[in-house]
Amino acid sequence: MRFERPIGAAADARELEYIASLHQTNDTDPETFIDGSIEAIDVKNFLLSRYGINVTEDEIRKSIFYDLAGGDSDDDCIDLTEVVAMLVIPYLVRVAVINENGNEPVDVCSSTDESIIEDVLGIILSDVTGSSDPKPLTKELLREIFKEYEEDDLIDDDELLDEMIEIASGGDKNAVLDAAAFTRGLTSDIKLYNPLNETKFTTHYEDVFGMVTLQNVPEEEEADGIEDQKVEVGEKAEEARLVPRIYTFSQIDFLADTFRDKLQYLLVWVAIIMGFLTYFEPFSSYGIEVCQEGHRDQFRCQVGKSIVVWFAVMAVMIFIMAPANMILSLGNNVHRHSLLEICSGVLGIGVLIFFPALYHKIDTPVFKTVDVDGFVFIMPFMRRVNLFIGILLLIIQICNLVRFCIPDDQLKGSKFLTLILRGTGVRGEFGIKKASAFKVDKMIQNAYKLHACTSASTEGDAEENSSRTNALLNYNKEIEKRETSGGFLWAWKSYWSGELLDKEGIWTHTRLQTASVVQLALSLIVPLAFYSLANAITAEVFVQVNDPFSGEVPQNLHCGSYFDPKLCEFPKGPDGESIGIGICWGVSLANPTCLDNFVKLEGFAQNGFCYVLEEYGYSAMFGDECPELYAPFPSQVYTQTSFSVADDYCAAPVGVCTPTNDDATKGLCIIGMETLLPFQFLEKGTGCSNYTSSHEDFETLLIRQDEVENAVEEQTAEFVDEYFPKEWMYVKFLIIIHDLKKYSKI
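The structure presented is a predicted model; accordingly, all values stated were derived computationally and were not measured. (Residues numbered from 1 in each chain as written. Predicted model: local features only at pLDDT ≥ 70, side-chain atom pairs only at ≥ 80, totals over all residues. Heavy atoms only, no water.)

## A word on the overall build of the chain
The condition that has to hold: Secondary structure elements are defined from DSSP: runs of H or I of at least 4 residues count as helices, runs of E of at least 2 residues count as strands, and each element is numbered from the N terminus. Think of it in three bands: with a 1.4 Å probe and only protein chains considered, a residue is buried below 20% of the maximum accessible area for its type, exposed above 50%, and partly exposed in between. Here, residues are in contact when the closest pair of their heavy atoms is within 4.5 Å.
The helix and strand inventory of the chain stands at 26 helices and 13 strands. Counting every position in the chain, which comprises 746 residues, the buried fraction comes to 41%. Pairs at least 24 apart in sequence give 65% of the contacts found in the chain among residues at least 6 apart.

What follows is the structure in structure tokens.
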């Protein structure tokens, strides 16, 4: 999206207002609130939030506001003029260095036009005396300047005037107010600022207090697990004092972005979300039931269950995922807090990421590392993703450990180590420093252009106008000027080139980057998950005919079984024709876990099955007692001959089974019927025909099946009457749809 934005001095004024608004935190009282101002409470909140420095408002007024805000009373605040004064300090210091050394400091972010200072002084002298020529530096001259610019409070302060003359003159009693004297007066009290900070790969905190590991306060000064630290403020010994610095857990402060490395923070969030999706089954019910069996289909039970499940998900996020986030973020501290934190973070990676990804035997209602039905394809992929994230986090923690061990002087002497070990947080603040230098220099140039008399020549005789008049006229002319900016390509180009931060000063918050990466990850994972789920549903819902698995032996996705046609009876109806099913002894499941694919049937279904056993002489095998009956649910289970292969097989769906007494994985089963339709034997090659020579009834069934298939293709009128199961078949061979639905809900 492209947009129009102001340019020149008008844009600078709006940006200064924006700076003030970013710092304002206490505008609840409209009577005392001053628009475009920064109060002591705002500075206090900033220092505490950003750096953990805990000072009172009175301390801020005495140490900061006394010099920068014009006093230390409760009503004093930093206005936009004072904000500008603070922002131009680096520029003025560079001018002072040029005047003293004859050249500009090396490696600064932008060049300095020292002639601007001389021109500004000329404008001041022209407004006051009518001439830009240097004048003798006297109290009378300073009073005239203060009077011209309405600084009436300073006119009668003789002590201040004497001090200003002493500093600006440099001890010369016959000094004049020229560019050199003006520069000395502007910069004598800000010489502590190092202009090279603009290009040092350090944070603002380190520019002020140095790259020194903070010392812990003795144990008696620690309370409630909050570790206090103290920093020394003030250059002179008699002015220096200690202020407390509290532990704010900056590793997870995504609002202020106070951590060492954005990449670690981003990977932790991706690991948390991936871990939740992989191991906690966010769409399951965690085995929760709120109603007794038999009432669970009622609307109130379903609503109540949904509410309880969502509370369970919330509890997982609060009591499991949030602490995991904190543990994995340990060590991501820009100030090198503790070796224990780094080691704890490494241990957390091993326990929370590597262990569940490599150990596949945990199966609880809440937490699972085993393969989940329907997700056998996606689960290994997600485990590999988690392992990859864990490896990246481990590498970052190793860098944190190396950073902890390397002395500061050695780190500062190596650009390679600085780039590798300082982290993206430091690089971000370095970019902000470059953007600040760029924007301040641009602001000074824009302000300088406003006061140029030639710019207002169209309004009349510019020489007769004061500099303030020229500035107002030029400002009004530029206030509506705009430039086209933005757009998709512009944004991405600026982001990847670094200009978005280094020139525009736009800090891309880590939470925004994390959300974008998570959206990208989900856009890849969700389609794969839906594909796997749809694959499972398709395999369960649609009847598999002929060769549904592209040449593979038809089987349930997770379970299969085997049968021997020689141990089967293939019953015939009263007309002597095959009824399309087989009653087979010794049908065996592929493994014991396949028992989970069966549900127990009772009542009418069980009684009908026992009637069939008795009619065909199988009841004696069960001691003339009616055995237990099971049916596949929810997925169809297929059984195949022992020698079936991909290109030559014989298979059939399993209808119902009763297990043997000595082995639950073997039993007597009715095969070949699926959803009440018989003749569902599947053959490729000669898998079934190989057994017809020794089993005449099986050959009769296969011949009859071919006739059924031809009737289906031709859709003959006699098909339903001739081939569809008769009423007696429903009674004899377990027409149990009602019972299946009833017992499948258990």
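## Structural notes on helix H13 (residues 339–358)
Note the threshold: Between the first and last residue of a helix there are one fewer steps than residues, each counted as 1.5 Å, and that sum is the expected span.
Spanning 20 residues, H13 covers 27 Å between terminal C-alpha atoms, matching the ideal 28 Å at 1.5 Å per step. Those residues of H13 that sit buried are Glu341, Ile342, Gly345, Gly348, Ile349, Ile353, Phe354, Pro356 and Ala357. Close packing links the buried residues of H13 with helix H11 (262–279), helix H12 (299–328) and helix H14 (378–405).

## Structural notes on helix H22 (residues 604–615)
If you check H22, its first and last C-alpha atoms are 17 Å apart, about what 12 residues at 1.5 Å a residue would give, namely 16 Å. Among the residues of H22, those classed as buried are Ala605, Gln606, Gly608, Phe609, Cys610, Val612 and Leu613. Positive phi shows up at Gly617, right after H22, with a value of about 80°.

## Here we look at the state of the cysteines
Note the threshold: Any cysteine sulfur atom paired with another within 2.5 Å is treated as part of a disulfide.
For the structure shown, the criterion picks out 5 disulfides. Each sulfur of the disulfide joining Cys291 and Cys301 lies 2.0 Å from the other. Because the torsion about its S-S bond is -100°, the bridge between Cys291 and Cys301 counts as left-handed. Of this pair, Cys291 sits in the loop between H11 and H12 while Cys301 sits in helix H12, placing them 10 residues apart in sequence. Per residue, the accessibility class of Cys291 equals that of Cys301, and both read buried. Across the disulfide, Cys568 is cross-linked to Cys584 (sulfur-sulfur distance 2.0 Å). The sign of the 115° torsion about the S-S bond sets the Cys568-Cys584 disulfide as right-handed. You can see Cys568 sitting in strand E6 (residues 568–569) and its partner Cys584 sitting in strand E7 (residues 582–589), a full 16 residues away along the chain.

## With respect to a nonpolar patch on the surface
Cut-off, in case you're wondering: Residues enter patches when they are more than 30% accessible in relative terms and free of salt bridges; like-charged ones are connected within 9 Å and nonpolar ones (Val, Leu, Ile, Met, Phe, Trp, Tyr) within 5 Å. Reported accessibility uses the Shrake-Rupley method at a 1.4 Å probe radius. Residues are deemed covered only where the shown protein chains occlude them. One side-chain nitrogen of Lys or Arg within 4 Å of one carboxyl oxygen of Asp or Glu is enough to make a salt bridge.
A cluster of nonpolar residues, Phe299, Val303, Ile307, Phe311, Met314, Met317, Ile318, Phe319 and Ile320, forms a patch on the protein surface that exposes about 940 Å² of accessible area. Position of Phe299 relative to the elements: it lies in helix H12.

## With respect to the environment of Ile78
Of note, Ile78 is situated in the loop between helix H3 (57–68) and helix H4 (80–87). With a relative accessible area of 4%, Ile78 lands in the buried category. A sequence separation of 40 residues divides Ile78 from Ile38, and the C-alpha atoms of the two residues are 5.0 Å apart. Residues in contact with Ile78, not counting those within four places in the same chain, are Gly36, Ser37, Ile38, Phe65, Ala69, Val83 and Met86.

## Observations concerning the confidence of the model for the chain
Let me state the cut-off plainly: Each residue carries a pLDDT score, the predictor's confidence in it, ranging from 0 to 100.
Per-chain confidence: the chain averages 77 in pLDDT, with 80% of residues scoring 70 or above. Looking at the elements of the chain, mean pLDDT is at its lowest for helix H26 (residues 737–744), recorded as 38, and at its highest for H13, recorded as 91. Overall, residues 212–229 carries pLDDT values under 50, and its contacts beyond four positions in sequence, including any with other chains, amount to 31 contacts. Across residues 234–238, where pLDDT falls below 50, the model places 2 contacts with residues more than four positions away in sequence or in other chains.

## So, the pattern of salt bridges
Summed over the entire model, instances satisfying the criterion amount to 18 salt bridges. Note that Asp363 and Lys368 form a salt bridge whose closest N and O atoms lie 2.6 Å from each other. Residues joined in a network through salt bridges with shared partners are Arg5, Glu483 and Glu504.

## Structural notes on the packing of aromatic side chains
Selection criterion: Aromatic rings from Phe, Tyr and Trp, taking only the six-membered ring of Trp, are treated as a pair when their centres fall within 6.5 Å; an angle between ring planes under 30 degrees marks them as stacked, one over 60 as edge-to-face, and anything in between as tilted.
One pass over the full model with this rule turns up 16 aromatic pairs. Here the aromatic residues Phe276, Tyr279, Phe280 and Phe367 are joined through ring pairs into a cluster of three or more.

## Comments concerning the nonpolar core
Soluble globular proteins tend to bury their nonpolar side chains together. Our working definition: Throughout this description, the term nonpolar core refers to a set of buried Ala, Val, Leu, Ile, Met, Phe, Trp, Tyr and Cys residues connected via side-chain atoms within 4.5 Å.
Core analysis: the largest hydrophobic core is formed by 44 residues, its most contacted members being Ile53, Phe65 and Leu177. The next biggest cluster of nonpolar side chains, apart from the first, holds 31 residues, and it includes Tyr286, Ala312, Met379 and Ile396.

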